[in-house]
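Structural characterization, general
Each chain, letter by letter, is given below.
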Amino acid sequence: AVCIQVINPNTDPGMTETIGAAARAAAAPGTEILAVCPAEGVPSIEGHFDEAVAAIGVLEQIKAGRERGVDGHVIACFGDPGLLAARELAQAPVIGIAEAAMHMATLVATRFSIVTTLPRTLIIARHLLRQYGFSEHCAALHAIDLPVLALEDGSGRAQHMVRERCIQAMRQDGCGAIVLGCGGMASLARELTQELRMPVIDGVGAAVKMVESLAALGLSTSKYGDLAWPERKALSGKFQSLHPC
Ligand SMILES: O=C(O)C[C@H]1NC(=O)NC1=O
């Protein structure tokens, strides 16, 4: 059986539960999902500073998951914070939800749009599109202009805004698919896909299936070349616990 550690890089318990449920809904029978979040950090990730803080917690969780012997790791924040650093620290596959959703979208449509939370995080999605080579595949990026944790306030307002922006994107962007730009939107994908009759893709489920596929193919993070274990050196203070071995 495959065991996948799904890391919510922010520390919000409700979002960790939302993400864990979406991961379990996508997982194959027999795949175990360990939904975790950092013990310390930021309650939501809404910019470059938040991402830098969250990345340390991601690395701590990656190390814990490796020591537990998980078969793969998912970084369940749309900025994919700490992704390459995590791959240096990991032996198993490490998949970010932005890269997973973007890859999946290119397999079902020639162009996709992205719907995320605060406008200030759009630049992070733009940077990832360029880094992953998908800039040409992205028709447009939209923000619902609500904070990340509005998705967990129980009012349904953020979910309503996501639906509205997806419908707008479908009508205006010339896209064939939509990527949901937040781990906290994961539970909306299936119903929006059915209602809009267009692939609306959640990166949590996409990443879980990619880890399962890599495990089934016997593939894991390459430790040959620039994702090899970090260079050996003395880490000081609070970073000592991160030591790769
Ligand atoms: O970038 C965003 O808007 C969403 C991103 N922030 C967060 O705390 N989890 C996420 O997926």
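Structure: above.
Here goes a summary of the coordinates provided. Within each chain, residue numbers correspond to sequence positions counted from 1 in written order. Given that the model is predicted, a residue must reach a pLDDT of at least 70 before its local features are reported, and side-chain atom pairs must reach 80 or more before they are shown or counted; all residues, however, enter totals for whole chains, interfaces and linings. Side-chain measures here rest on the full set of heavy atoms in the structure, leaving out hydrogens and waters.

**Some remarks on the overall build of the protein**
We apply this condition: Numbering goes from the N terminus for both helices and strands, where a helix is a DSSP run of H or I of at least four residues and a strand is a run of E of at least two. Every radius of gyration here is taken over C-alpha atoms, with the globule rule written as 2.2 Å times N^0.38, N being the number of residues. Burial classes follow relative accessibility: with a 1.4 Å probe on protein chains only, a residue under 20% of its type's maximum area counts as buried, one over 50% as exposed, and anything between as partly exposed. Here, two residues are considered to be in contact whenever any of their heavy atoms come within 4.5 Å of each other. For the accessible areas, the method is Shrake-Rupley and the probe is 1.4 Å, while residue cover comes only from the protein chains on display. Residues scored as charged are limited to Lys and Arg (positive) and Asp and Glu (negative), so that His and the chain ends carry no count. Just so you know, the charge point we use is NZ for Lys, CZ for Arg, CG for Asp and CD for Glu.
In terms of regular secondary structure, the protein is built from eight helices and eight strands. What you see for the protein is a C-alpha radius of gyration of 17 Å, in line with the 18 Å of a compact globule of 245 residues. If you line up the protein on its principal axes, its C-alpha atoms span 55 × 35 × 35 Å. Out of the 245 residues in the protein, the part that is buried amounts to 54%. For the protein, long-range pairs separated by at least 24 residues make up 70% of all intrachain contacts whose partners lie at least 6 apart in sequence. For the protein, the exposed surface amounts to about 11100 Å²; the carbon and sulfur share of it is 53%. Averaging the positions of the 20 positive and the 25 negative side-chain charges in the protein gives two centres separated by 3 Å.

**Some thoughts on the pattern of salt bridges**
Put simply, the rule is: For salt bridges, the criterion is a side-chain nitrogen of Lys or Arg within 4 Å of an Asp or Glu carboxyl oxygen.
Summed over all chains, the structure comprises five salt bridges. The partner of glutamate 164 in a salt bridge is arginine 163, and the shortest N-O contact between them spans 3.1 Å. Judged by its relative accessible area of 33%, glutamate 164 falls in the partly exposed class. Residues participating in the shared-partner salt-bridge network are Arg163, Glu164 and Glu195.

**Some points on the side chain of glutamine 61**
In this structure, glutamine 61 sits in helix α2 (residues 48-68). With relative accessibility at 14%, the residue glutamine 61 sits in the buried group.

**Some words on the sheet that holds strand β4 (residues 94-96)**
The test is simple: Note on pairing: DSSP must find at least two bridges between two strands before they are called paired. Lines fitted to C-alpha atoms define the axes, with helix axes restricted to the stretch in contact, and inter-axis angles between N-to-C directions lie between 0 and 180 degrees.
Strand order in the open sheet made by the four strands is β2-β1-β3-β4, with parallel pairing throughout. Across the chains shown, the open sheet's two edge strands, defined by having one partner strand only, are β2 (32-36) and β4. For this sheet, the mean angle separating the axes of adjacent strands, direction not counted, is 20°. Here helix α1 (residues 13-26) sits on the sheet in contact with β1 (3-7) and β2, set at roughly 165° to β2.

**Notes on the sheet that holds strand β7 (residues 177-180)**
Strand order in this open sheet of four strands is β6-β5-β7-β8, and the pairing throughout is parallel. Of all the strands in the sheet, the pair left with one neighbour each is β6 (138-143) and β8 (200-202). The sheet shows a mean angle of 25° between the axes of neighbouring strands, direction not considered. When strand β5 (residues 112-116) meets β7, the two strands line up parallel, connected through four bridges. The partner of phenylalanine 112 across the bridge, within β7, is alanine 177.

**With respect to the site of the ligand**
The cut-off we apply is this: One heavy atom within 4 Å of a molecule or strand makes the whole residue count as near it. Pairs of N or O atoms within 3.5 Å make up the polar contacts considered here, provided that, within protein, one atom can donate a hydrogen while the other can accept it, and that residues adjacent in sequence are counted only when both atoms are side-chain atoms. Residues were grouped as follows: Ala, Val, Leu, Ile, Met, Phe, Trp, Tyr, Cys and Pro as nonpolar; Asp, Glu, Lys and Arg as charged; and all remaining residues, including Gly, as polar.
Lining the immediate environment of the ligand, one finds Asn10, Ser44, Ile45, Cys77, Phe78, Thr116, Thr117, Thr121, Val148, Gly181, Cys182 and Gly183. In this structure, phenylalanine 78 approaches the ligand through a main-chain N or O atom, which is 2.9 Å from an oxygen atom. Taking threonine 116, its side chain carries an N or O atom lying 3.3 Å from an oxygen atom of the ligand. Looking at the shell around the ligand, its residues break down into five nonpolar, seven polar and no charged.

**Considering the pairing of strand β3 (residues 72-75)**
Cut-off, in case you're wondering: If the strands point away from the viewer and the path from the first strand over the helix to the second runs clockwise, then the crossover is right-handed.
On β3, burial covers both faces: Gly72 and Val74 on one face and His73 and Ile75 on the other are all buried. Note: β1 against β3, four bridges, orientation parallel. Within β3, the residue paired with valine 6 across the bridge is valine 74. Here β3 pairs with β4 via three bridges, running parallel. Its bridge partner lying in β4, histidine 73 is registered against valine 94. In this fold, β3 hands off to helix α3 (residues 83-89), which returns the chain to β4; that crossover is right-handed.

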